[in-house]
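Chain residues, written in single-letter form:
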Amino acid sequence: MENGELARLLADVGVLLEITGANPFRVRAYENAARTVDDHPVPLKDMLAGGADLTALPGIGKDMAGHIREAIETGRLTVLEELKRKVPYTLVGLVRLPGVGPKRARKLWEALGVATLEELEVAAAAGRIEQLEGFGKKTQARILEGIATLKRRGDRFGIADADQLVAPLVAHLRRHPGVDRIEVAGSYRRRLETVGDIDILVIAADPGPVMQHFTSYGRVRRTEMAGPTRGTVVLDSGLQVDLRILPPESYGAALQYFTGSKAHNVKLRKRAVARGLSISEYGVFEASEATAEAERPPAGRRLGGATEEDVYAAVGLHWIPPELREDRGEIEAAERGLPKLLTTDDMRGDLQMHTTWSDGKHSIHQMVDACAKRGYQYCAITDHSKTLAMTGGLDAQALREQWREMDEVMARRSDIRLLRSLEIDILRDGSLDLDDETIAGLDLVLVSIHTLLDLPPAQQTRRILKAIEHPAVHVLAHPTGRLINRREPYAFDLDEVLHSAKQHDVALELNAHPQRLDLRDTQAMLARELGVRIVIDTDAHQVQELELMRYGVEQARRAWLEPKHVLNTQPLTKLLRQLGKKKL
DNA sequence: GCCGTTTTCGGCCCGACTGTTTTCAGTCG
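Residues numbered from 1 in each chain as written. Chains lettered and ligands numbered in written order. Predicted model: local features only at pLDDT ≥ 70, side-chain atom pairs only at ≥ 80, totals over all residues. Heavy atoms only, no water.

## Examining the overall build of chain A
At step 1: Scanning chain A for helices and strands turns up 24 helices and 17 strands.
At step 2: Seen through its principal axes, chain A has C-alpha atoms that stretch 75 × 60 × 50 Å.
At step 3: Sequence-distant contacts, at least 24 apart, represent 67% of the contacts inside chain A between residues at least 6 apart.
At step 4: Accessible surface, chain A as shown: approximately 25,800 Å² in total, 50% of it carbon and sulfur.
At step 5: The positive charge centre, built from 80 side chains, and the negative charge centre, built from 85, are 2 Å apart in chain A. (Helix = DSSP H or I, 4+ residues; strand = E, 2+ residues; numbered from the N terminus. Contact = heavy atoms within 4.5 Å. Areas by Shrake-Rupley, 256 points an atom, 1.4 Å probe, with all protein chains shown as cover. Lys, Arg positive; Asp, Glu negative; His and termini not counted. Charge placed at Lys NZ, Arg CZ, Asp CG, Glu CD.)

This is the structure in structure tokens:
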């Protein structure tokens, strides 16, 4: 059982517990455990097989470790089976609808016998929902809309798609004279690879007109709610956007709070409570009993909140970059000082791109020119090898012809160095799709898998291991092969591959294309911890895609990477010396 | 169900908005 599947089971237990009215802290324990499992870069089944103690993981205690072991060893979870005897498992699907939580899901089942989304849709269409106590016409309509939306698109938005949708909305909001400051917060600011919705924070003295301006944005399909400080709309793209309007003195506290993540904020607030403080989106306050009763603003003395630095300083921490705010050790690290994270300015070159020689849209000259304009010292031309016939992959003879054209291009310029490279296919048996003699003529050897994606895991692992053991290989490109929201990663043992990559001095690629971002953040973190070098490149198939480098850098920041962890932050001479160490 | 520079028991983050409501539960982030 893979971690994702396991996490899903634990999360489902949490939802069913909630529906059955269990202790809410027990519910949260399952939610927390699910997140830990989902985030963990190494399959828990492998850790168990290796005799690891799962209770060392955050939020996993003795009981939870037992549940996980049971699920992995038997494929079933007794605690889940018992819950399924009390309530239908399909109720977890109802809770995914906006406006439907555990209480209403239970009510729908008990009063109407509705257990699935299909049954719910039928009941709502027949007008039977609005007659239930605690429901009404609006809730019924909202449920129908929610089901329709779920049918249209269940997935989260890729970060690059979100960028496209957010920019014009922010421009729209900025045009209102009452808007003092504006920031996009939430997972968007943390640069998560996908976002479920968008949180926008606005500082304005008079919120009413700004909220009005927000809901009147031309691409709003419907307004879910619009109060004095909070509003929610759904855009015609299906993207949900939340707007929060706060006064200037709360700017930092609000930005901190709305940036999240939830787990990060919970830990931060606990830390505040332990120091006799209270943190909310309005600021940092001295805790006082008087504030317990929903008093706004809180009565305790206000200690700060105008800046994010205020908030962190109040609990003895340095400011934490948004990309790190996932409760993965950043709060503990911020007591001492945090890593100096990579930026796009640190990148000295791009080490994967395609040209018209295979499936790219632009010539070598055009790609090199665009790289030089970005200020790079070097770039590698990495067309496909011959096995990928549909891309026009190059054989040894075509590759030598390409080298001649590269020499001609380079003869005309001294501002950037072009590296001879190829994205060589790893064949079924792990051998490479190019002869050693020709490989010896390359400056940079990239290998990757594009075929036979569904080999049995052990065989897939052996195939990849054999390829990276080849003495000339520098980089394993898009190591897991996933396409976000479209294709799962290949089934293989990443942990073993990382250890071998360390041993054989092979770098792993963090592919910057926002549909790949492969490695994912936690996997790149693991690579860093094991001392495996990372390459960040765009895999550009046209000059415009060279811009995508920023997404790779953002993902790297989420993995705590510093310039020293990334091969292509090195200046040209150091890079060449590094690459030259590997010889046939 | 987890966790521990007050604790191995008794805690566990904070606030807004809506709908269906005569004062608030449920949901959401």
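Back to the text.
## A look at the pairing of strand β5 (residues 220-226)
At step 1: Sheet topology note: the β5/strand β6 (residues 230-235) ladder contains five bridges and is antiparallel. By the bridge assignment for β6, Arg 222 is matched with Val 234.
At step 2: Hairpin remark: β5 followed by β6, antiparallel, with three residues in the connecting loop. (Pairing = 2+ DSSP bridges.)

## Notes on unusual backbone geometry
At step 1: Note the cis peptide between Gly 260 and Ser 261, where omega equals -5 degrees.
At step 2: Examined against the element boundaries, Ser 261 turns out to sit in the loop between α13 (251-259) and α14 (262-274).
At step 3: The peptide bond linking Asp 518 to Leu 519 adopts the cis configuration, its omega dihedral lying at 20 degrees.
At step 4: Of note in the backbone geometry, Arg 191 takes a positive phi value of approximately 60 degrees without being a glycine.

## Brief notes about the pattern of salt bridges
At step 1: A complete count under the given rule lists 39 salt bridges for this structure.
At step 2: The salt bridge partner of Arg 222 is Glu 224, with a shortest N-O separation of 2.7 Å.
At step 3: Classification of Glu 224 as partly exposed rests on a relative accessible area of 25%.
At step 4: A salt bridge links Glu 554 to Arg 550; the shortest N-O distance between them is 3.1 Å. A residue pair is termed a helical-turn pair when its members lie 3 or 4 positions apart in one helix, as Glu 554 and Arg 550 do in helix α23 (residues 549-558) at four residues.
At step 5: Among the residues examined, Glu 554 registers a relative accessible area of 11% and is labelled buried.
At step 6: Judged by its relative accessible area of 33%, Arg 550 is partly exposed. (Salt bridge = Lys/Arg side-chain N within 4 Å of Asp/Glu carboxyl O. Buried < 20%, exposed > 50% of the residue type's maximum accessible area, 1.4 Å probe, protein only.)

## Section: the packing of helix α1 (residues 3-19) against helix α5 (residues 78-86)
At step 1: Following both chains from N to C, one finds α1 and α5 inclined at 35 degrees, their axes separated by 10 Å at the closest point. In this structure, α1 meets α5 at a crossing whose hand is left-handed. Residues Leu 9, Val 13, Leu 16 and Leu 17 of α1 pack against Val 79, Leu 80 and Leu 83 of α5.
At step 2: Broken down by class, the residue content of the contact of α1 with α5 amounts to seven nonpolar, no polar and no charged. (Axes fitted to C-alpha atoms, helices over the stretch in contact; angles between N-to-C directions. Left-handed = near helix turned anticlockwise from the far one by under 90°. Nonpolar A, V, L, I, M, F, W, Y, C, P; charged D, E, K, R; others polar.)

## Re the environment of His 264
At step 1: Here His 264 is to be found in helix α14.
At step 2: On the accessibility criterion, His 264 (0% relative accessible area) is buried.
At step 3: In this structure, the C-alpha to C-alpha distance between His 264 and Arg 128, residues 136 residues apart in sequence, is 41 Å.
At step 4: Not counting residues up to four positions away in its chain, the partners in contact with His 264 are Gln 256, Tyr 312, Ile 320, Arg 325, Glu 326, Asp 327, Glu 330 and Ile 331.

## A few points about the sheet that holds strand β10 (residues 302-304)
At step 1: Pairing is antiparallel in the open sheet, where three strands are placed in the order β8-β9-β10. The open sheet has two edge strands with one neighbour each: β8 (277-280) and β10. Within this sheet the neighbouring strands show an average axis-to-axis angle of 30 degrees, counted without direction.
At step 2: The pairing of strand β9 (residues 283-286) with β10 spans two bridges and is classified as antiparallel. By the bridge assignment, Phe 285 is partnered in β10 with Arg 302.

## Side note on helix α8 (residues 117-125)
At step 1: Residues Leu 120, Ala 123 and Ala 124 constitute the buried set of α8. On an axial view of α8, the arc spanned by its buried residues comes to 95 degrees, and they lie on one face. Exposed residues lying more than 90 degrees from the buried face of α8 are Glu 118, Val 122 and Ala 125.
At step 2: Those residues of α8 that are buried lie in contact with α6 (91-95), α7 (102-112) and α9 (137-152).
At step 3: Phi turns positive, to about 80 degrees, at Gly 127, one or two residues after α8. (Arc of directions from axis to C-beta.)

## A look at the packing of aromatic side chains
At step 1: Tallied over the entire structure, the rule returns two aromatic pairs.
At step 2: Relative to Phe 492, the ring of Tyr 490 lies with its centre 6.4 Å away and its plane at 50 degrees, an arrangement referred to as tilted.
At step 3: With a relative accessible area of 6%, Tyr 490 lands in the buried category.
At step 4: What makes Phe 492 buried here is its relative accessible area of 13%.
At step 5: The aromatic ring of Tyr 251 is capped on one face by Arg 181, whose charged end is 3.7 Å from the ring centroid. (Phe/Tyr/Trp six-rings, centres within 6.5 Å; stacked < 30°, edge-to-face > 60°. Lys NZ or Arg CZ within 6 Å of the ring centre and 35° of its normal.)

## Focus: the nonpolar core
At step 1: Ile 68 and Ile 536 are the most contacted members of the largest nonpolar core, which has 130 residues in total.
At step 2: Element by element, the count of residues in this core is highest for α1, at nine residues.
At step 3: If we ignore the near neighbours within four places in the chain, the residues touching Ile 68 are Leu 6, Leu 10, Val 37, Leu 44, Leu 54 and Ile 60. (Core = buried A, V, L, I, M, F, W, Y, C linked by side-chain atoms within 4.5 Å.)

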